[in-house]
Amino acid sequence: MKTPAGEADLYARAGIDDVAGFYREKFVSNAVLDSQYFKPLDRFDLRFARTMWVYDNVRRNSALLDLGCGAGMLALLKRKGVTLTGVDLSEECVAAARRNGYDETVRAELHTLPFAEASFDYVVSLDVIGHIPVQGKDAILREIKRVLRPGGVTLHGIECTDRAARSRYDEMSPEDLRRFIGIDGHVGLEEEGEHAARFRKVFAHVAWEPRYALCLSSDEFLKQADRYGLPFEDDFLEYLRTLSF
């Protein structure tokens, strides 16, 4: 599998040789996410809130491309008669998404999508853009533009940072880089304004806003504290460590 030079450099510096394998181990799932899985409380859960944001903003009977589809979290869209296509680096993720109800799934690189021009009404991604190195993002946005139909819409839930990503990565020692990227594979974090400026180079109408989920799992809180170093009160973390799933 070919990988853009900048991406290969950051992954290599982090000690990740098999990028598809890395994401397979992180995100492939045996969960069954058919179109009936949603419950009202899921709107407040980190895992599903972003799915509902996409669901609420996609019209019925449209054609949608899910970039970095993983195990197929957008299967819920089948309730609205959406023709659902997914692409991912991992064969296992592609198979899981197809198993969960996607109409078509393809193993492909995001900067060379195997689809004709004007194929989709929507192109979306959730927690994908932060996994793409800065120097590779513009090519992917141009591909998104190419496969969108006239009047089409692209929606993205993007992981952001509070400082310029390039300087942040360059300041890290090889050990720190391996530790940071090894958690979730974030090789392309940027500030919100940087993302907006990048999208505006390709698309005429761009809007963005911060979005948060009300509910995080105890495991996610502990990961943010233990692996990313976010500051939480000691007694809060001690309480979380006593909880079962």
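Residues numbered from 1 in each chain as written. Predicted model: local features only at pLDDT ≥ 70, side-chain atom pairs only at ≥ 80, totals over all residues. Heavy atoms only, no water.

What follows deals with the nonpolar core. Soluble globular proteins: nonpolar side chains tend toward being buried together. By size, the foremost hydrophobic cluster in this structure holds 23 residues, and its most contacted members are V54, V58, L64, L74 and L77. Per-element accounting of this core gives the leading share, five residues, to helix α3 (residues 46-56). Apart from the residues within four sequence positions on either side, V58 is in contact with L64, L77, K80, V82, Y122 and L155. L113, V128, I129 and I144 belong to the second-largest nonpolar core, a separate cluster that totals 21 residues. (Core = buried A, V, L, I, M, F, W, Y, C linked by side-chain atoms within 4.5 Å. Buried < 20%, exposed > 50% of the residue type's maximum accessible area, 1.4 Å probe, protein only. Helix = DSSP H or I, 4+ residues; strand = E, 2+ residues; numbered from the N terminus. Contact = heavy atoms within 4.5 Å.)

Moving on, we come to α3. Every buried residue of α3 is listed here: F48, A49, T51, M52, W53, V54 and Y55. Against β1 (63-67), β4 (120-126) and β5 (148-157) lie the buried residues of α3.

Here we come to the packing of helix α2 (residues 19-27) against helix α7 (residues 174-184). The contact between α2 and α7 brings their axes to 8 Å, and the two run at 55°. Taken together, the axes of α2 and α7 lie oblique to each other. Residues F22, Y23, K26 and F27 of α2 pack against I181, G182, I183 and D184 of α7. Among the residues making up the contact of α2 with α7, the classes are represented as five nonpolar, one polar and two charged. (Axes fitted to C-alpha atoms, helices over the stretch in contact; angles between N-to-C directions. Parallel < 35°, antiparallel > 145°, perpendicular 65-115°, else oblique. Nonpolar A, V, L, I, M, F, W, Y, C, P; charged D, E, K, R; others polar.)

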